[in-house]
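# Remarks on the overall topology
Given next are the chains, with one letter for each unit.
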Amino acid sequence: MATAQAPVINTRVSRKTVVRGLWKDRVSRSALLVLFCFYFAAAFADFLTPYGMEFNDPSYGNAPATPIHIQDESGNFCAPYVYRMTQENDPETYKQIFVLQPDTKYPIKLFVKGDEYTMLGFIPGNLHLFGVDSPCRLYLLGADMNGRDNFSRLFFGAQKSLTIGFLGLLIAFPIGIVYGGISGYCGGLIDVFMMRFAEAIMSIPSLYLLIGLAAILPVGMSSSQRFALITVILSFISWAGLARVIRGMVLSIREEEFVQAAKSIGMPDFQNIVKHVIPQTSSYLIIAATLQVPSFILAESGLSLIGLGIQQPDASWGNMLKAAMDQPNELLNQPWLLAPGFLIFITILCFNCIGDVLRDVLDPKLSGGR
């Protein structure tokens, strides 16, 4: 005797509709292009930058941005070049200054051999998109106190600041989805107990927890390992809020006919939740994921700003911003030191714009008009 199949109602918006809706909107299209450029730059930072993350020249500590010249002595346009800078002391103020040495021109070249690297973790190389010959240095955004190129470090900082959000999602989302789905589907005392536990998790003050963790973590840990561990712990805390929302959605979905039909033919509860209930929350999950990534980026930036995140010499937008804030007198003369903060702002704005458009596209009440 043939087994009856439970009818499944697909209320999810098709992938083509989502892509078309995002690309049709000019704001979200611009946000997608900006994020693509950011992630592309982070992925190929070794090739796109003139110097590696570990490169430093102490003689260029706190050097200003290197002036680029596009005219020769006669005023005619020519290929861009730079002059070497040397560090001297101002005889009147006794402050450190950098003086151009116009005796030799150093043309800016394309595809220059420099520091060796392993791009994407497995592609060795030593070719850089542009640069100048030694001993001259090309610091488009100046150098930090250790003589490291701020422009190059922006790219390497993006590798950690932009990927940390997805690392958090991979941990927090599966826990929150399954936990909330089970709680809402089962109901009763199980639901009450599970939600009280989730509320207890939500009540943990994450900032004070991180400060305590920073004090007990082993001293020998690298900054990347330290922040990865902190991110994992934060992810195990942040799932509770998602679980509460999923639980509320599942409470209404579990009464639908296709869910009850699957239950009546003997489908196990957990399989019913995974196969029929949770997929109906996919629209919300896509939006939530888009909006959750900025929160992890902000968390990394905030923690690095107060010294609990990525540590020097590794680069992140947060600790680059901290280095800039440690030199308040330099900000007026070198406003480009705040570039990491500007990039953080642009990234979060792009994710929020995409999330806002996704909400309109995936909302059944609004998607019909698109």
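Residues numbered from 1 in each chain as written. Predicted model: local features only at pLDDT ≥ 70, side-chain atom pairs only at ≥ 80, totals over all residues. Heavy atoms only, no water.

## Quick notes on the overall build of the protein chain
- Within the protein chain, the regular secondary structure consists of 13 helices and five strands.
- For 370 residues, the compact-globule estimate of 2.2 N^0.38 gives 21 Å, and the protein chain exceeds it by more than 25% at 26 Å.
- The C-alpha extent of the protein chain, read off along each of the three principal axes, is 90 × 50 × 35 Å.
- When burial is assessed residue by residue, the protein chain has 42% of its 370 residues classed as buried.
- Considering only contacts within the protein chain whose residues lie at least 6 apart along the sequence, 67% involve residues at least 24 apart.
- If you sum the accessible surface of the protein chain, you get close to 19,800 Å²; carbon and sulfur atoms cover 64% of it.
- Here the protein chain holds 27 positive side-chain charges and 28 negative ones, and the gap between their average locations is 11 Å. (Helix = DSSP H or I, 4+ residues; strand = E, 2+ residues; numbered from the N terminus. Rg over C-alpha atoms; globule rule 2.2 N^0.38 Å. Buried < 20%, exposed > 50% of the residue type's maximum accessible area, 1.4 Å probe, protein only. Contact = heavy atoms within 4.5 Å. Areas by Shrake-Rupley, 256 points an atom, 1.4 Å probe, with all protein chains shown as cover. Lys, Arg positive; Asp, Glu negative; His and termini not counted. Charge placed at Lys NZ, Arg CZ, Asp CG, Glu CD.)

## Points about the sheet that holds strand β3 (residues 96-107)
- The sheet built from three strands is open, its strands ordered β1-β2-β3 with antiparallel pairing. Among the strands making up the open sheet, the edge pair consists of β1 (69-71) and β3. Averaged over all pairs of adjacent strands, the angle between strand axes in this sheet comes to 40°, irrespective of strand direction. (Pairing = 2+ DSSP bridges. Axes fitted to C-alpha atoms, helices over the stretch in contact; angles between N-to-C directions.)

## Looking at the side chain of S316
- With respect to the element layout, S316 can be found in the loop between α10 (282-305) and α11 (317-325).
- When sequence neighbours within four positions are dropped, the list of residues in contact with S316 reads G157, S161, E300, S304 and I310.

## Focus on the nonpolar core
- Core analysis: the largest hydrophobic core is formed by 62 residues, its most contacted members being A63, Y139, F155, L162, F173, W317 and L358.
- Among the elements that line this core, the one with the most residues is helix α12 (residues 339-362), at eleven residues.
- When neighbours within four sequence positions are excluded, W317 is seen to be in contact with F38, L154, G157, A158, S161, L162, P340, L343, I344 and T347. (Core = buried A, V, L, I, M, F, W, Y, C linked by side-chain atoms within 4.5 Å.)

## Let's talk about the confidence of the model for the protein chain
- Looking at the protein chain, the pLDDT average stands at 82 and 92% of residues meet or exceed 70.
- Ranking the elements of the protein chain by mean pLDDT puts helix α13 (residues 364-367) last with 48 and helix α2 (residues 26-43) first with 93.
- With pLDDT under 50 throughout, residues 1-12 is counted as low confidence; its partners more than four residues away or in other chains account for 15 contacts.
- Note that residues 366-370 has pLDDT below 50 and, in this model, six contacts with residues that lie over four places away or in other chains. (pLDDT = per-residue confidence, 0-100.)

## Description of empty space enclosed by the protein
- In total, this model carries one cavity of 30 Å³ or more according to the counting rule given.
- Counted as a void, the largest cavity has a volume near 30 Å³.
- Contributing to the lining of the largest cavity are N62, A143, D144, Q327, E330, Q334 and L337.
- Looking at side-chain class alone, the lining of the largest cavity contains two nonpolar, three polar and two charged residues. (1 Å grid on protein atoms, 1.4 Å probe; cavity = no way out; pocket = protein on both sides within 12 Å on 5 of 7 lines; lining within 4 Å. Points joined across faces, edges and corners; volume = space filled by probe spheres on them. Nonpolar A, V, L, I, M, F, W, Y, C, P; charged D, E, K, R; others polar.)

## Some points on the packing of aromatic side chains
- The final tally for this structure, using the stated rule, is 14 aromatic pairs.
- When the centroid spacing of 4.8 Å and the interplanar angle of 45° are considered together, the rings of F40 and F44 count as tilted.
- For F40, a relative accessible area of 40% corresponds to the partly exposed category.
- Measuring from centroid to centroid gives 6.5 Å for Y179 and F197, while their planes differ by 40°, and the two rings are tilted. Within this pair, whereas Y179 is found in helix α4 (residues 150-186), its partner F197 is found in helix α5 (residues 188-202), the two being separated by 18 residues in sequence.
- The class of Y179 is buried, set by a relative accessible area of 16%.
- Classification of F197 as partly exposed rests on a relative accessible area of 41%.
- Between K105 and the ring centre of Y81, over which it is positioned, the NZ or CZ distance is 4.7 Å. (Phe/Tyr/Trp six-rings, centres within 6.5 Å; stacked < 30°, edge-to-face > 60°. Lys NZ or Arg CZ within 6 Å of the ring centre and 35° of its normal.)

## Examining a nonpolar patch on the surface
- On the surface, L207, Y208, I211, L305, I306, M325 and L338 cluster together into a nonpolar patch covering about 680 Å² of accessible area.
- As for its placement among the helices and strands, M325 is situated in helix α11.
- Look at M325 and you get partly exposed, because its relative accessible area is 47%. (Patch = residues over 30% accessible without salt bridge, like charges linked within 9 Å, V, L, I, M, F, W, Y side chains within 5 Å. Salt bridge = Lys/Arg side-chain N within 4 Å of Asp/Glu carboxyl O.)

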